[in-house]
Amino acid sequence: MGKYQRRDKIARLISWGHWFTFANIILCLFIGLLYIEAAPKPSSAIGNLYMLVSWVGHFAFLPFVFFIILIFPFCLVVPYSKILRGFAALITSFGLIALIADALFFRQYGYHLNTYSLAQMTRDAEAVFTGASFVIISAILLGFLLIVGIQLLLANLAWKRLDDLQNRKIGAPVTAVFVLCFFVSHSVHVWADAVLYDPITQQDDMFPLSYPTTAKTLMAKHGVIDVESYQARQQMLMATDQIKLKYPQQPLLCSKTDTQQSTTLVLFDRASSDIQQVLETLAARHRLEKPKLQLLAHPNREGGLFQVLYGLPDFYQESIERQQLTPAYLKPLNDFNFDIRWYHSQNWEDSLSLSQFNSDWHSQNLTEFSARSQNQLNVVLMTESDISALDKVLQQTAGHQLLITSLSPAQSEELLGNKQFALENMQVPLWQRDYQLADQPIAGLMDIVPTMLENRISCAGSHKNYTNGESLQTLKRRWPLVETYSPYIVIYDEKEITILDNSGQFSVYSSDKFELKKQAEPPVPVLIDALKDLKRFSRTEETN
């Protein structure tokens, strides 16, 4: 092959590659509509215009980069059209199948594919399609073969009609539109990110391989931080004044289960070595057992009491107190004639009274404690100085299911800064009787209520309708555990702990030694899931 003949052939192959890429840009634009349809709609005309321009620019850019990296070099090295067309069709099919899978995953979960989301997708697929793995694999293979067929058709059509396509003179203006949209979208985003213009910055995580979303942007998007205060770099507190509560999520439609055994929950204000020594002594006499789990309490006793009784993150506490609401699960329990009683020991502080949540909600003195064997639910609030009364309570509730724990670690007031959130500093012992608790790796105070009620009432939408907690009687993979210790959000994962304050600042520590991991960032999918779950019972009021 002569020098000029080879050069002309390469030029022709490159021209074919451009038109083949253009065809795939059109396909990608159609797939991109799946992201737009699934994402929240911008609240302004500028936001909608940016979405349109970003959609065109981004999905024109992806196939073009794909062409430059994977196809263009082969045009120079292997200038044989048949080989090149087959190779291009194959690798483009892999790219399209990945894009389609990501689009479908985004519509379901709200974020993009990565190692974390692939593991989650696998677990969900196993749960939904139990025993149907052959069908799933067959469907994926058939879909891939269909896409390969389409790509081969496009590659051959572009090659056979290349002269006609070149004569149409549409390449330059279309390319100009794509390039203009790409640069305009990024320029506008620079401005929007600088001024935190939410209708644009909320789109950061919409398209795959797009502008990386920061913790601040995500938290602002989900209404956890106040944007104006963030702009001013002011010290932040939880934006509880903006929370409009939706609790429960839906009216509780519940039925009573067959279990009639009474249950009692004993809550100490703080965990201490003296309390644990007494419980160790009483364990054999009253059949108390320690399950294998790490139960994390709250640094503040008041926040811990709220989390236990309501099963909600503590940033809802101000809204609950303002609206004077009692826990949503009390109504169905009363409807089914459960005898619900609240007691406090002699030295229990008035500052931890139930009346702070609802002025009509009070507890009785522990001296008035009386137990029934069936259909009774008791909550006993106790201090270390009243530990002598515990043995009598355990005797009276010998036939009850029983849970005993503490609202706050013993040394929580002595620890400052992020150190207080280390696993070893947050753990409190949990004692139980007659519960079949699974070997959970980690749990929080919000899990207490759904654990107690699982065998007593069954509600439409499960306990997720009235609590952020999980039943500890259900065996499931628990990582990560997301907790709020106002004004912090703490994400406990198997290997690391992420601590975020309400200005969007974050720190990542190793779980075992609690050593700061420099330049580490929380995984975006975990953060998105955490924020969605925490805000499940709120509707943030829109501000100007």
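1. Points about the side chain of Arg456
Phase 1: For Arg456, the location among the structural elements is in the loop between helix 17 (448-453) and strand 11 (457-459).
Phase 2: Although Arg456 is buried, it forms no salt bridge, and the closest oppositely charged side chain is Asp434 at an N-O distance of 8.6 Å.
Phase 3: Separated by 2.8 Å, the side chain of Arg456 and the backbone oxygen of Gln261 make a polar contact.
Phase 4: From its side chain, Arg456 meets the backbone oxygen of Met452 in a polar contact 3.0 Å long.
Phase 5: If we ignore the near neighbours within four places in the chain, the residues touching Arg456 are Ser255, Lys256, Thr257, Gln261, Ser262, Thr263, Phe338, Gln401 and Tyr435.

2. Details of helix 11 (residues 273-283)
Phase 1: Restricting attention to buried positions, one finds in helix 11 the residues Ile275, Gln276, Leu279, Leu282 and Ala283. Buried positions in helix 11, seen along its axis, are confined to an arc of 125° and lie on one side of it. Pointing more than 90 degrees away from the buried face of helix 11 are the exposed residues Gln277 and Thr281.
Phase 2: Elements that come into contact with the buried residues of helix 11 comprise strand 3 (263-268), helix 15 (390-396), strand 8 (401-406) and strand 9 (431-433).

3. Digging into helix 12 (residues 301-310)
Phase 1: For helix 12, a buried count of nine out of 10 residues is recorded, marking the element as mostly surrounded by other parts of the structure.
Phase 2: Buried within helix 12 are the following residues: Arg301, Gly303, Gly304, Leu305, Phe306, Gln307, Val308, Leu309 and Tyr310.
Phase 3: As for helix 12, its buried residues are in contact with strand 3, helix 13 (317-323), strand 5 (339-344), strand 7 (376-382), helix 17 and strand 12 (481-485).
Phase 4: Near the N-terminus of helix 12, the side chain that reaches the backbone nitrogen of Glu302, with its oxygen 2.9 Å away, is that of Asn300.

4. Observations regarding empty space enclosed by the protein
Phase 1: Applying the stated criterion to the full structure yields four cavities of 30 Å³ or more.
Phase 2: One number sums up the size of the largest cavity: a volume of about 50 Å³.
Phase 3: As for the largest cavity, its lining consists of Leu265, Leu309, Tyr329, Trp342, Leu377, Val379, Val449, Met452 and Leu453.
Phase 4: Listed by contribution, the elements that provide at least two residues to the lining of the largest cavity are strand 7 and helix 17.
Phase 5: Looking at which element gives the most residues to the lining of the largest cavity, the answer is helix 17, with three residues.

5. Notes on the pairing of strand 14 (residues 496-501)
Phase 1: Of all the six residues making up strand 14, five are buried; the element is thus mostly covered by neighbouring parts of the structure.
Phase 2: Pairing of strand 13 (residues 488-492) with strand 14 involves five bridges; the strand directions are antiparallel. Pairing of Val490 across the sheet is with Ile499, part of strand 14.
Phase 3: Counted along the chain from strand 13 to the antiparallel partner strand 14, the turn is three residues long.

6. Details of the side chain of Asp339
Phase 1: Residue placement: Asp339 occurs in strand 5.
Phase 2: With a relative accessible area of 14%, Asp339 lands in the buried category.
Phase 3: Of note is the side chain of Asp339, whose polar atom sits 2.9 Å from the side chain of Arg341.
Phase 4: When neighbours within four sequence positions are excluded, Asp339 is seen to be in contact with Arg372, Asn375, Gln376 and Leu377.

7. Things to note about the nonpolar core
Phase 1: Tyr247, Leu309, Tyr310, Trp342 and Tyr466 are the most contacted members of the largest nonpolar core, which totals 60 residues.
Phase 2: Apart from the residues lying within four places of it in its own chain, the contact partners of Tyr466 are Tyr247, Pro248, Leu252, Tyr310, Leu312, Ala328, Tyr329, Val449, Leu453, Cys459 and Phe537.
Phase 3: In this structure, Cys28, Leu29, Ala39 and Phe59 belong to the second largest nonpolar core, which totals 23 residues.

8. Quick notes on the state of the cysteines
Phase 1: Across all of its chains, the model carries one disulfide by this definition.
Phase 2: Disulfide partner of Cys254: Cys459, at an S-S distance of 2.0 Å. Between Cys254 and Cys459, the S-S dihedral sits near 100°, and the bridge is therefore right-handed. On the criterion of sequence distance, the pair formed by Cys254 in strand 2 (residues 254-256) and Cys459 in strand 11 is long-range, its members being 205 residues apart. Of the two residues examined, Cys254 and Cys459, each falls in the buried class.

9. As for the confidence of the model for the protein
Phase 1: Looking at the protein as a whole, the pLDDT averages 81, with 85% of positions reaching at least 70.
Phase 2: Model confidence for the protein, summarised as mean pLDDT per element, is weakest for helix 10 (residues 227-231) at 43 and strongest for strand 3 at 93.
Phase 3: This stretch, residues 227-238, has a pLDDT under 50; its non-local contacts, to residues over four places away or in other chains, come to 24 contacts.

10. A few points about the packing of helix 2 (residues 45-77) against helix 7 (residues 171-195)
Phase 1: The geometry of helix 2 relative to helix 7 is characterised by a closest axis approach of 8 Å and an angle of 125° between their N-to-C directions. Taken together, the axes of helix 2 and helix 7 lie oblique to each other. Handedness of the crossing formed by helix 2 with helix 7: left-handed. Listed contacts from helix 7 to Tyr50, Val53, Ser54, Val56, Gly57, Ala60 and Phe61 of helix 2 are Phe178, Cys181, Phe182, Val184, Ser185, Val188 and His189.

11. Some details on the environment of Gly304
Phase 1: Mapped onto the fold, Gly304 is located in helix 12.
Phase 2: Separated by 35 residues in sequence, Gly304 and Asp269 have C-alpha atoms that sit 8.7 Å apart.
Phase 3: With residues up to four places along the chain from it excluded, the contact list for Gly304 reads His298, Leu407 and Leu445.

12. Overview of the sheet that holds strand 7
Phase 1: If you walk across this open sheet you meet the six strands as 6-5-7-3-8-9, and the pairing is mixed. In the strand order of this sheet, the two ends are held by strand 6 (364-365) and strand 9, each with one partner.
Phase 2: With six bridges connecting them, strand 5 and strand 7 associate as parallel partners. The partner of Ile340 across the bridge, within strand 7, is Leu377.
Phase 3: Along the sheet, helix 11 contacts strand 3, strand 8 and strand 9; its crossing angle with strand 9, the most-contacted strand, is approximately 25°.

Cut-offs and rules
- As a convention, each chain's residues are numbered from 1 in the sequence order in which they are written.
- For this predicted model, a pLDDT threshold of at least 70 governs which residues receive local features, and a threshold of 80 or more governs which side-chain atom pairs are given and counted, while totals over whole chains, interfaces and linings are taken from all residues.
- Where side-chain values are given, they derive from all heavy atoms of the structure, hydrogens and water being excluded.
- The secondary structure listing takes helices from DSSP runs of H or I that are at least 4 residues long and strands from runs of E that are at least 2 residues long, numbered from the N terminus.
- Any residue under 20% of the maximum accessible area for its type is buried, any over 50% is exposed, and the rest in between are partly exposed; the area is computed with a 1.4 Å probe on protein chains only.
- Charged residues are defined here as Lys and Arg on the positive side and Asp and Glu on the negative side; His and the ends of the chain fall outside this count.
- Within this document, salt bridges are pairs made up of a side-chain nitrogen of Lys or Arg and a carboxyl oxygen of Asp or Glu, the two lying within 4 Å of each other.
- In protein, a polar contact means a hydrogen-donor-capable atom and an acceptor-capable atom, both N or O and within 3.5 Å, with residues adjacent in sequence counting only if both atoms are side-chain atoms; elsewhere, any N or O pair within 3.5 Å suffices.
- What makes two residues a contact is simply this: any of their non-hydrogen atoms within 4.5 Å.
- Regarding the arc, it is the one traced by the directions from the helix axis to the C-beta atoms.
- Cavities and pockets are found on a 1 Å grid laid over the protein atoms alone: a cavity is a set of points where a 1.4 Å probe fits but cannot escape, a pocket is an open set with protein on both sides within 12 Å along at least five of seven lines, and a lining residue has an atom within 4 Å of such a point.
- Grid points are joined across faces, edges and corners, and a volume is the space filled by probe spheres set on the points.
- Any two strands are treated as partners once DSSP identifies two or more bridges connecting them.
- Take the buried residues of types Ala, Val, Leu, Ile, Met, Phe, Trp, Tyr and Cys, join any two whose side-chain atoms come within 4.5 Å, and each joined set is a nonpolar core.
- When two cysteine sulfur atoms are found within 2.5 Å, that pair is recorded as a disulfide.
- Here pLDDT means the predictor's own confidence in every residue, given as a number from 0 to 100.
- Each axis is a line fitted through C-alpha atoms, taken for helices only over the stretch in contact, and angles between the N-to-C directions span 0 to 180 degrees.
- When an angle is under 35 degrees it counts as roughly parallel; over 145 it counts as roughly antiparallel; between 65 and 115 it counts as roughly perpendicular; any other value is oblique.
- Note on convention: near helix rotated counterclockwise from far helix by under a right angle means a left-handed crossing. Clockwise means right-handed.

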